[in-house]
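Commentary on secondary and tertiary structure
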Amino acid sequence: MTDRELMELAQKARETSYSPYSHFRVGAALLTKSGKVYLGCNVENASYPAGNCAERTAIFKAVSEGEREFEALAIVGGREGETSEFCAPCGICRQVMAEFCGGDFKVLLGNPEKFSTYTLKSLLPLSFSSKDL
Ligand code: THU
């Protein structure tokens, strides 16, 4: 699985986004160390805080299927009807990544034609995790 292929899967996942309130559509593709991919999209709710981001949908799907070892996460997001240029993960999603992924976990942001690679430690420096408890 190349980084570009993972971005293409995130773009595909964006098609299922349920975002009737924000009209901001996000897709995520999570690659496990064993080579499987879990897709996620944002799922909103009339009670706004009940909604879930695409990244957490993908991570929770994977963990609920018994996966805990992750290699990379691709994220594609943007306003409805527009191609994504760049969608950074929110702070809660970064914290959820930190629960399961090390600092070298790869996060791919942009779109399949143009994206950048970040490490989790660059996106969430000085993170709080189980090792602090
Ligand atoms: N959203 C995501 O799914 N992931 C992000 O990285 C940023 C924001 C969603 C949440 C909400 O459904 C919509 O985008 C607008 O905030």
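Residues numbered from 1 in each chain as written. Predicted model: local features only at pLDDT ≥ 70, side-chain atom pairs only at ≥ 80, totals over all residues. Heavy atoms only, no water.

Focus: the sheet that holds strand 5 (residues 114–119)
Strand pairing in a sheet relies on backbone hydrogen bonds, with the paired strands running either antiparallel or parallel. Taking strand neighbours across the sheet as the criterion, the five strands line up as 2-1-3-4-5 in an open arrangement whose pairing is mixed. In this open sheet, the two strands that pair with only one neighbour each are strand 2 (37–41) and strand 5. In this sheet, neighbouring strand axes are inclined to one another by 20° on average, regardless of whether the strands run parallel or antiparallel. Where strand 1 (residues 24–32) and strand 3 (residues 70–79) come together, nine bridges link them in antiparallel fashion. Residue pairing across strands places Ala29 opposite Ala74, the latter belonging to strand 3. Of the strands in this sheet, strand 1, strand 2, strand 3, strand 4 (106–111) and strand 5 touch helix 1 (residues 3–14), which is tilted by about 45° from strand 3. (Pairing = 2+ DSSP bridges. Helix = DSSP H or I, 4+ residues; strand = E, 2+ residues; numbered from the N terminus. Axes fitted to C-alpha atoms, helices over the stretch in contact; angles between N-to-C directions. Contact = heavy atoms within 4.5 Å.)

Re the site of the ligand
The ligand sits among Ser22, Phe24, Val26, Asn42, Glu44, Cys53, Ala54, Glu55, Cys87, Ala88, Pro89 and Cys90. Take Ala54: an N or O atom from its main chain is 2.9 Å from an oxygen atom of the ligand. At 2.5 Å from an oxygen atom of the ligand is found a side-chain nitrogen or oxygen belonging to Glu55. When the ligand is considered free in solution it has 370 Å² of accessible area, and contact with the protein chains removes 76% of it. Secondary-structure elements contributing two or more residues to the shell around the ligand are strand 1 and helix 2 (54–64). When grouped by side-chain class, the residues that make up the shell around the ligand number eight nonpolar, two polar and two charged. (Near = heavy atom within 4 Å. Polar contact = N/O pair within 3.5 Å; in protein donor to acceptor, adjacent residues only side chain to side chain. Areas by Shrake-Rupley, 256 points an atom, 1.4 Å probe, with all protein chains shown as cover. Nonpolar A, V, L, I, M, F, W, Y, C, P; charged D, E, K, R; others polar.)

Remarks on the packing of helix 2 against helix 3 (residues 91–100)
For the pair helix 2 and helix 3, the least separation of the axes is 9 Å and the interaxial angle reads 25°. On the basis of their axis angle, the class for helix 2 and helix 3 is roughly parallel. As for how helix 2 packs across helix 3, the hand of that crossing is left-handed. Across the interface between the two elements, Glu55, Arg56, Ile59, Phe60 and Val63 of helix 2 pack against Ile92, Cys93, Val96, Met97 and Phe100 of helix 3. Residue composition of the contact of helix 2 with helix 3, grouped by class: eight nonpolar, no polar and two charged. (Parallel < 35°, antiparallel > 145°, perpendicular 65-115°, else oblique. Left-handed = near helix turned anticlockwise from the far one by under 90°.)

Here we look at the side chain of Arg94
Residue position: Arg94 is located in helix 3. Separated by 3.0 Å, the side chain of Arg94 and the backbone oxygen of Leu123 make a polar contact. Every residue in contact with Arg94, bar those within four places of it in the chain, is listed here: Ala88, Pro89, Leu120, Leu123 and Leu124.

Considering the side chain of Ser19
With respect to the helices, strands and loops of the structure, Ser19 is situated in the loop between helix 1 and strand 1. Within the structure, the side chain of Ser19 is placed 2.7 Å from the side chain of Ser17, a separation counted as a polar contact. Contacts of Ser19, omitting those with residues within four sequence positions, involve Phe24, Arg25, Asn42, Glu44 and Glu80.

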